[in-house]
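Residues per chain are reported as follows:
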Amino acid sequence: MKKTVILLVFTFALVACQSEATILQENETITFYNKNCAGCHGLELNGTGLAGGIRNLNKKDILDSINNGEENMPANILTGESAKRVALWVSKQK
Ligand code: HEC
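All of the points below concern the structure found in this document. Source: prediction; values computed, not measured. (Residues numbered from 1 in each chain as written. Predicted model: local features only at pLDDT ≥ 70, side-chain atom pairs only at ≥ 80, totals over all residues. Heavy atoms only, no water.)

What to know about the overall build of the protein
The helix and strand inventory of the protein stands at four helices and zero strands. For the protein, the succession of helices and strands along the chain, N to C, is α-α-α-α. Whereas a compact globule of 94 residues would reach a radius of gyration of roughly 12 Å, the protein reaches 18 Å, over 25% beyond that. Residues counted as buried form 24% of the 94 residues belonging to the protein. In the protein, of all internal contacts separated by at least 6 residues, the share reaching a separation of at least 24 is 46%. Summed over all atoms, the accessible surface of the protein reaches about 6800 Å², with 60% contributed by carbon and sulfur. Charge separation in the protein, taken as the distance between the mean sites of 10 positive and 9 negative side-chain charges, equals 12 Å. (Helix = DSSP H or I, 4+ residues; strand = E, 2+ residues; numbered from the N terminus. Rg over C-alpha atoms; globule rule 2.2 N^0.38 Å. Buried < 20%, exposed > 50% of the residue type's maximum accessible area, 1.4 Å probe, protein only. Contact = heavy atoms within 4.5 Å. Areas by Shrake-Rupley, 256 points an atom, 1.4 Å probe, with all protein chains shown as cover. Lys, Arg positive; Asp, Glu negative; His and termini not counted. Charge placed at Lys NZ, Arg CZ, Asp CG, Glu CD.)

Section: the coordination of the iron atom of the ligand
Listed as protein donors to the iron atom of the ligand are His41 (NE2) and Met73 (SD); their distances from the metal cover 2.0 to 2.1 Å. For the iron atom of the ligand, the six donor atoms in the first shell make angles of 88 to 179° at the metal, so the coordination geometry reads as octahedral. Residue His41 is found in helix 2 (residues 38-41), and its partner Met73 is found in the loop between helix 3 (59-68) and helix 4 (80-92); the two are separated by 32 residues along the sequence. With a relative accessible area of 14%, His41 lands in the buried category. (Donors = N, O, S within 2.8 Å, 3.2 Å for Na, K, Ca; no water. Tetrahedral: all angles 85-135°; square planar, octahedral: opposite > 155°, others 65-115°.)

Concerning the nonpolar core
Counting 14 residues, the largest nonpolar core has Tyr33, Leu45, Ile66, Val86 and Val90 as the members making the most contacts within it. Counting residues per element, the ones that place at least two in this core are helix 3 and helix 4. Among the elements that take part in this core, helix 4 stands out by supplying five residues, more than any other. Residues in contact with Val90, not counting those within four places in the same chain, are Tyr33, Leu45, Ile54 and Ile62. (Core = buried A, V, L, I, M, F, W, Y, C linked by side-chain atoms within 4.5 Å.)

Things to note about the packing of aromatic side chains
Inspection of the entire model under this criterion finds one aromatic pair. Between Tyr33 and Trp89 the ring centres are 5.4 Å apart and the planes differ by 45°, which places this aromatic pair in the tilted class. Here Trp89 lies in helix 4 and Tyr33 lies in helix 1 (residues 2-36), a separation of 56 residues in the sequence. (Phe/Tyr/Trp six-rings, centres within 6.5 Å; stacked < 30°, edge-to-face > 60°.)

Topic: the site of the ligand
Around the ligand, a shell composed of 18 residues is seen, among which Cys37, Cys40, His41, Gly52 and Met73 lie nearest. The side chain of His41 places a nitrogen or oxygen atom 2.8 Å from a nitrogen atom of the ligand. In the model, an oxygen atom of the ligand is placed 2.9 Å from a nitrogen or oxygen of the Gly52 main chain. Judged by the proximity of its atoms to the pocket grid, the ligand belongs to the largest pocket. Among the secondary structure elements, those contributing two or more residues to the shell around the ligand are helix 2 and helix 3. Here the shell around the ligand is composed, by residue class, of 11 nonpolar, five polar and two charged. (Near = heavy atom within 4 Å. Polar contact = N/O pair within 3.5 Å; in protein donor to acceptor, adjacent residues only side chain to side chain. 1 Å grid on protein atoms, 1.4 Å probe; cavity = no way out; pocket = protein on both sides within 12 Å on 5 of 7 lines; lining within 4 Å. Sits in = over half its atoms within 2 Å of the grid points. Nonpolar A, V, L, I, M, F, W, Y, C, P; charged D, E, K, R; others polar.)

Shown next as structure tokens:
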């Protein structure tokens, strides 16, 4: 019984830590977006005078745009893991 309780507490602690890490990672991803993309695509992803909105796109297309660039958008503003994370996050903004 005691072991079960300890195991349960441990499991809850682990789950709590994990979701906190997920939130921190999401905040970091939003910061990447805000610093590297929002200047042209807007904090709300609805576009600015410089570029259009980028809602309702799929992750692959977004990643292609980041990797290869678009007119007036340089390639590789972000690379590697941060590019993937921003692409995934943007694709979830419907
Ligand atoms: C210097 C300005 C600038 C920055 C910074 C910039 N973009 Fe762009 N982006 C553009 C322009 C211009 C286009 C061409 C189409 C348009 O006007 O929306 C474009 C196109 C795109 C497209 C294709 C849109 C579509 O409808 O197919 C995506 C996706 C995209 N950008 C994502 C991003 C992401 C993610 C970042 C940050 C890593 C970023 N952009 C940073 C200017 C920019």
